[in-house]
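# Inside the fold
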Amino acid sequence: MSSSSGGQQGPAARQAAMAEQVLADGSATAAELAERFGVSLMTIHRDLDELERQGIVRKFRGGVTAQPSGVFESNVQYRLKTMRAEKAAVAEHALRMVEPGMAILLDDSTSTLEIARRLRTGEVTPLTVVTNFLEAINLLADQRGIHLMALGGDYDPLHSSFLGVSCVEAVEQLRVDVCFASTSAVHGGYAYHQEQHIVSVKRAMLDAAARNVLLIDHTKLGRVALHRVVPLSRFDTVLVDDGAPAEALRDLDEHKVRYEVCATKGSDDRAGAT
């Protein structure tokens, strides 16, 4: 049914509502959006052009999507809504590796954000947390017992994080106990990501840590993206949820990757190593 108010909204309000719908549903056609908001297809396409410019969606013939591809990473607001139980399971497992007195580094992934959420309980203190992720900075800024170090750089609203040369240089001045990171795709013994400026920051973070842990939900397995980040051998441990298919775990085994499978919904943890 058509919306009677869509055509009466200003462009900014309509685009915000449109973005909310696409982020919730994952994708939509231009025709569906035109009917929903009661405006012409020409107006919808102008709105979608603006949302694409902002990095919220990407256009394809006849519609838009917020879902990732091999060259496009999803907007952080979409990623915050997806695979939440799986990310929580992996973060709970990762938290066992954190001890009072440590300095840890969190990248700008929604997987490591789940670690930050759990640090707000104050059970692991004192602790130094270094991150370039604005979402994590806001979560931990007022947390007693945590020394928070925010990495500066060029702010990127698509990722809600600080990136660029100045961020890399800031990371290079540090040495932490553990870096917790995630990535978009894992296949054939490598971690991949769609965007080069993200890759450079992740590599610097891995170089700055005595130990590296990769957090991924099972949908990342068996996928590739445009840029290789590092071989999986750069990680001391890969953590993945128990939705991982056997074929994907065999690929990790074949490449001699140390991994641990993290239980969701009360399942028993399984671990594999070679």
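Just above sits the structure.
Quick summary incoming for the structure in this document. Note that the structure is predicted; figures quoted are calculated from it, not measured. (Residues numbered from 1 in each chain as written. Predicted model: local features only at pLDDT ≥ 70, side-chain atom pairs only at ≥ 80, totals over all residues. Heavy atoms only, no water.)

### Examining the overall build of the chain
Helix and strand counts for the chain stand at 10 helices and 16 strands. Taken over 274 residues, the chain has a buried fraction of 52%. Of the roughly 12600 Å² of accessible surface on the chain, a fraction of 49% belongs to carbon and sulfur atoms. (Helix = DSSP H or I, 4+ residues; strand = E, 2+ residues; numbered from the N terminus. Buried < 20%, exposed > 50% of the residue type's maximum accessible area, 1.4 Å probe, protein only. Areas by Shrake-Rupley, 256 points an atom, 1.4 Å probe, with all protein chains shown as cover.)

### Details of the packing of helix α8 (residues 165-172) against helix α9 (residues 196-207)
At a minimum axis distance of 9 Å, the contact between α8 and α9 shows a crossing angle of 5 degrees. Overall, the two elements α8 and α9 adopt an arrangement that is roughly parallel. In this structure, α8 uses C167, V168 and V171 to contact α9, whose residues at the interface are S200, V201, A204 and M205. Of the residues that constitute the contact of α8 with α9, the class distribution is 6 nonpolar, 1 polar and no charged. (Axes fitted to C-alpha atoms, helices over the stretch in contact; angles between N-to-C directions. Parallel < 35°, antiparallel > 145°, perpendicular 65-115°, else oblique. Contact = heavy atoms within 4.5 Å. Nonpolar A, V, L, I, M, F, W, Y, C, P; charged D, E, K, R; others polar.)

### As for the sheet that holds strand β2 (residues 58-60)
In spatial order, the strands read β1-β3-β2; together these 3 strands make up an open sheet with antiparallel pairing. If you trace the sheet from one side to the other, it starts and ends with β1 (27-29) and β2, each paired once. Between one strand and the next, the sheet's axes are offset by a mean angle of 20 degrees, whatever the strand orientation. Bridging between β1 and strand β3 (residues 63-65) involves 3 bridges; their strand directions are antiparallel. In the strand pairing of β3, T29 is matched with G63. (Pairing = 2+ DSSP bridges.)

### As for the side chain of S161
The topology assignment puts S161 in strand β8 (residues 161-163). A residue is classified by how much of its surface remains accessible, and S161, at 0% relative accessible area, is buried.

### Comments concerning the sheet that holds strand β10 (residues 185-187)
Here we have 3 strands laid out as an open sheet, ordered β10-β11-β13, and antiparallel in their pairing. Only two strands of the sheet have a single partner each, and these edge strands are β10 and β13 (227-231). Here the strands of the sheet are splayed against their neighbours by 30 degrees on average, with no regard to which way each runs. Where β10 and strand β11 (residues 190-193) come together, 3 bridges link them in antiparallel fashion. When the sheet's bridge partners are listed, A185 is paired in β11 with Y192. In the packing of α9 onto the sheet, contacts are made with β11 and β13, and the angle to β13 comes to roughly 10 degrees.

### Some points on helix α6 (residues 110-119)
Burial of α6 is extensive: 9 of the 10 residues sit out of reach of the surface. When α6 is considered as a whole, its buried residues turn out to be T110, S111, T112, L113, E114, I115, A116, R118 and L119.

### Details of the pattern of salt bridges
Tallied over the entire structure, the rule returns 10 salt bridges. R118 is paired through a salt bridge with E92; the nearest N and O atoms lie 2.9 Å apart. Taken together, the residues span a long stretch of sequence, with R118 in helix α6 and E92 in helix α5 (residues 84-95) at a distance of 26 residues. Residue D217 is joined to K220 by a salt bridge in which the shortest nitrogen-to-oxygen separation is 3.9 Å. Across the pair, K220 and D217 agree in class, each one buried. One continuous salt-bridge network, built from bridges that share partners, spans E92, E114, R117 and R118. (Salt bridge = Lys/Arg side-chain N within 4 Å of Asp/Glu carboxyl O.)

### Some details on the packing of aromatic side chains
For the structure on display, the rule yields 2 aromatic pairs. An angle of 55 degrees between the planes, with centres 5.3 Å apart, marks the rings of Y155 and F162 as tilted. Residue Y155 is classed as partly exposed on the basis of its relative accessible area, which comes to 41%. The cationic tip of R36 hangs over the ring face of F37; the distance from NZ or CZ to the ring centre is 4.7 Å. One cation-aromatic arrangement involves R228 over Y190; the distance from NZ or CZ to the ring centre is 3.7 Å. (Phe/Tyr/Trp six-rings, centres within 6.5 Å; stacked < 30°, edge-to-face > 60°. Lys NZ or Arg CZ within 6 Å of the ring centre and 35° of its normal.)

### Topic: the nonpolar core
Ranked by size, the top nonpolar core spans 37 residues in total, and within it L221, L232, F235 and L252 carry the most contacts. Once residues lying within four places of it in the same chain are set aside, the contact partners of L221 are V186, I216, V240, A244, A248 and L252. Membership of the second largest hydrophobic core comes to 27 residues, among which are A94, M97, L119 and V213. (Core = buried A, V, L, I, M, F, W, Y, C linked by side-chain atoms within 4.5 Å.)

What is shown is where atoms sit, not what they do.
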